[in-house]
Amino acid sequence: MKKIIIIALAALSLTACKKSIEDKAAEEARAYTQKFCPTPVYNFTRTDSLGFDRTSRTFIYYCALTDQMDDVQVLNEHRETLRQGLLQSIRESTNLKLFKDNDFAFRYVIRSTKNPQQVLFDATFKPEEYK
């Protein structure tokens, strides 16, 4: 009888420590932001932070455009190319596999560096798009 109680308590303690996938996502977003953000500018883009919305199960990448890409007219000319490039990077990312397998969404909010209040691009990619 004593062995059964010990095994039951051990099993309960192991399951009690398990994090939900949403907890893991929130933790990864926070850790990425603390460790890497803001990222260096690469291809006229800087990632300012990574967030996670539990309600919609969405990772939110907050980015900014610089130099010649920080222009509404230029961005409008390349909007579809940008959208397809982001979608392709989600499809190819092995780092996101766990979250893609669990049908998370990925949103990109891209602002102007010259005028940080101005959102130049905002797109959400859902599982039906990247799978």
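This text goes with the structure placed above it.
Residues numbered from 1 in each chain as written. Predicted model: local features only at pLDDT ≥ 70, side-chain atom pairs only at ≥ 80, totals over all residues. Heavy atoms only, no water.

**Student:** Got a sec to walk through the overall build of the protein? Specific residues and values, please.
**Tutor:** Scanning the protein from terminus to terminus reveals 5 helices and 4 strands. Ordered by position in the sequence, the α and β elements of the protein form the string α-α-β-β-α-α-β-β-α. In the protein, the proportion of contacts linking residues at least 24 apart, taken out of those at least 6 apart, comes to 51%. For the protein, the exposed surface amounts to about 8800 Å²; the carbon and sulfur share of it is 56%. (Helix = DSSP H or I, 4+ residues; strand = E, 2+ residues; numbered from the N terminus. Contact = heavy atoms within 4.5 Å. Areas by Shrake-Rupley, 256 points an atom, 1.4 Å probe, with all protein chains shown as cover.)

**Student:** Which residues make up the nonpolar core, and what values do they have?
**Tutor:** Residues Phe52, Phe59, Tyr61, Phe104, Phe106 and Phe125 are the most contacted members of the largest nonpolar core, which totals 24 residues. Elements supplying a minimum of two residues to this core: helix H2 (21-36), strand S1 (45-53), strand S2 (58-65), helix H3 (72-92), strand S3 (105-112) and strand S4 (119-125). The residues contacting Phe104, other than those within four sequence positions of it, are Ile21, Ala25, Phe52, Arg57, Phe59, Phe99, Pro127 and Tyr130. (Core = buried A, V, L, I, M, F, W, Y, C linked by side-chain atoms within 4.5 Å. Buried < 20%, exposed > 50% of the residue type's maximum accessible area, 1.4 Å probe, protein only.)

**Student:** Break down the pattern of salt bridges for me, citing the residues and quoting the values.
**Tutor:** If the charged atoms of two oppositely charged side chains come close together, the side chains can form a pair. Scanning all chains against the criterion turns up 9 salt bridges. Note that Asp23 is salt-bridged to Arg54, the shortest N-O span being 2.9 Å. Of this pair, Asp23 sits in helix H2 while Arg54 is found in the loop between S1 and S2, placing the two residues 31 residues apart along the sequence. Relative accessible area serves as the criterion here: at 41%, Arg54 is assigned to the partly exposed category. Its salt-bridge partner being Arg107, residue Asp122 comes within 2.6 Å of it at the nearest N-O pair. Here Asp122 is found in strand S4, whereas its partner Arg107 is found in strand S3, with 15 residues between them in sequence. (Salt bridge = Lys/Arg side-chain N within 4 Å of Asp/Glu carboxyl O.)

**Student:** Give a detailed account of H3, specifying residues and quantitative values.
**Tutor:** Taking 1.5 Å per residue as the helical rise, H3 with its 21 residues ought to reach 30 Å, and the 28 Å between its terminal C-alpha atoms agrees with that figure. Of all bends in H3, the biggest is about 60°, found at His78. Looking only at H3, the buried set comprises Leu75, Leu86, Leu87 and Ile90. In this structure, the buried side of H3 is in contact with S2, helix H4 (97-101), S3, S4 and helix H5 (127-130). Two to three positions downstream of the cap, the backbone nitrogen of Gln73 sits 2.8 Å from a side-chain oxygen, assigning the N-cap of H3 to Asp71. (Expected span 1.5 Å × (residues − 1). Bend = angle between axes of the 7 residues up to and from the residue. Polar contact = N/O pair within 3.5 Å; in protein donor to acceptor, adjacent residues only side chain to side chain.)

**Student:** Let's hear about the side chain of Lys100: which residues, and what values?
**Tutor:** Mapped onto the secondary structure, Lys100 falls in helix H4. One buried charge, Lys100, has no salt-bridge partner; the nearest side chain with opposite charge is Asp101, at 7.0 Å. A polar side-chain atom of Lys100 sits 2.8 Å from the main-chain carbonyl oxygen of Ile90. Ignoring sequence-local partners within four residues, the contact set of Lys100 consists of Ile90, Arg91, Glu92, Ser93, Phe106, Tyr130 and Lys131. (Lys, Arg positive; Asp, Glu negative; His and termini not counted.)

**Student:** Go over the side chain of Thr58, please, and point to the residues and values.
**Tutor:** Following the sequence through the fold, Thr58 ends up in strand S2. Looking at Thr58, the relative accessible area reads 7%, which means it is buried. Engagement of the side chain of Thr58 in a polar contact is seen with the side chain of Ser56, the distance being 2.8 Å. If sequence neighbours within four positions are ignored, Thr58 has contacts with Gly51, Phe52, Asp53, Ala105, Phe106 and Arg107.

**Student:** Can you break down the packing of aromatic side chains residue by residue, with the values?
**Tutor:** Applying the stated criterion to the full structure yields 10 aromatic pairs. Arranged with centres 5.3 Å apart and planes meeting at 55°, the rings of Phe52 and Phe59 form a pair that is tilted. When sorted by exposure, Phe52 lands in the same class as Phe59, which is buried. Site record: aromatic cluster; members linked through ring pairs are Phe52, Phe59, Phe99, Phe104, Phe106 and Tyr130. (Phe/Tyr/Trp six-rings, centres within 6.5 Å; stacked < 30°, edge-to-face > 60°.)

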